[in-house]
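# Reading the structure
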Amino acid sequence: QVQLVESGGGLVQAGGSLRLSCVASGLTSSMYAMGWFRQAPGKEREYVALISWSSGRTYDRTYADSVKGRSTISRDNANNTIYLQMNSLKPEDTAIYYCAGHNRRTNDYDLWGQGTQVTVSS
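Here we summarise the structure given alongside this text. (Residues numbered from 1 in each chain as written. Predicted model: local features only at pLDDT ≥ 70, side-chain atom pairs only at ≥ 80, totals over all residues. Heavy atoms only, no water.)

A separate point is the overall build of the protein chain. Broken down by element type, the protein chain carries zero helices and 11 strands. Tracing the protein chain from N to C terminus, the helices and strands come up as β-β-β-β-β-β-β-β-β-β-β. A compact globule built from 122 residues would reach a C-alpha radius of gyration of about 14 Å, and the protein chain, at 14 Å, matches this within 12%. Scored against the burial criterion, the 122 residues of the protein chain give a buried share of 43%. Counting only contacts in the protein chain whose residues sit at least 6 apart along the sequence, the fraction spanning at least 24 positions is 54%. When the accessible surface of the protein chain is summed, it comes to about 6,700 Å², and 45% of that surface belongs to carbon and sulfur atoms. Side-chain charges in the protein chain split into 12 positive and 10 negative, and the spacing between the mean points of these groups amounts to 6 Å. (Helix = DSSP H or I, 4+ residues; strand = E, 2+ residues; numbered from the N terminus. Rg over C-alpha atoms; globule rule 2.2 N^0.38 Å. Buried < 20%, exposed > 50% of the residue type's maximum accessible area, 1.4 Å probe, protein only. Contact = heavy atoms within 4.5 Å. Areas by Shrake-Rupley, 256 points an atom, 1.4 Å probe, with all protein chains shown as cover. Lys, Arg positive; Asp, Glu negative; His and termini not counted. Charge placed at Lys NZ, Arg CZ, Asp CG, Glu CD.)

Below, the structure written as structure tokens:
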């Protein structure tokens, strides 16, 4: 079975940067696209970014409006790892960030990591 393990969270001042990592151990199928979600205290979990696991020379990438232009999702297929580079961080980016697998067959997110905490101070 696939296990998703996030890392790279921490405390950063507003305007700083972080690079989150997610290792998808045991992922051998092209069935899953990989994405990032986040959940702030008292709020629902929200979509952040999504990248296809494999799509030839080009890869499909989408972003939530809240992070578009200052975040980049990428992947390292050889190591089954995806990344979320976040720049110009804002206090409202404070949340637990989760790695998730999107099942192309069911069109649902059915793989989740345990999350990594990102805290942005003002």
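After presenting the structure, the write-up continues.
In this section: the side chain of Ser-21. For Ser-21, the location among the structural elements is in strand E3 (residues 18-25). Contacts of Ser-21, omitting those with residues within four sequence positions, involve Val-5, Glu-6, Ser-7, Trp-36, Thr-81, Ile-82 and Tyr-83.

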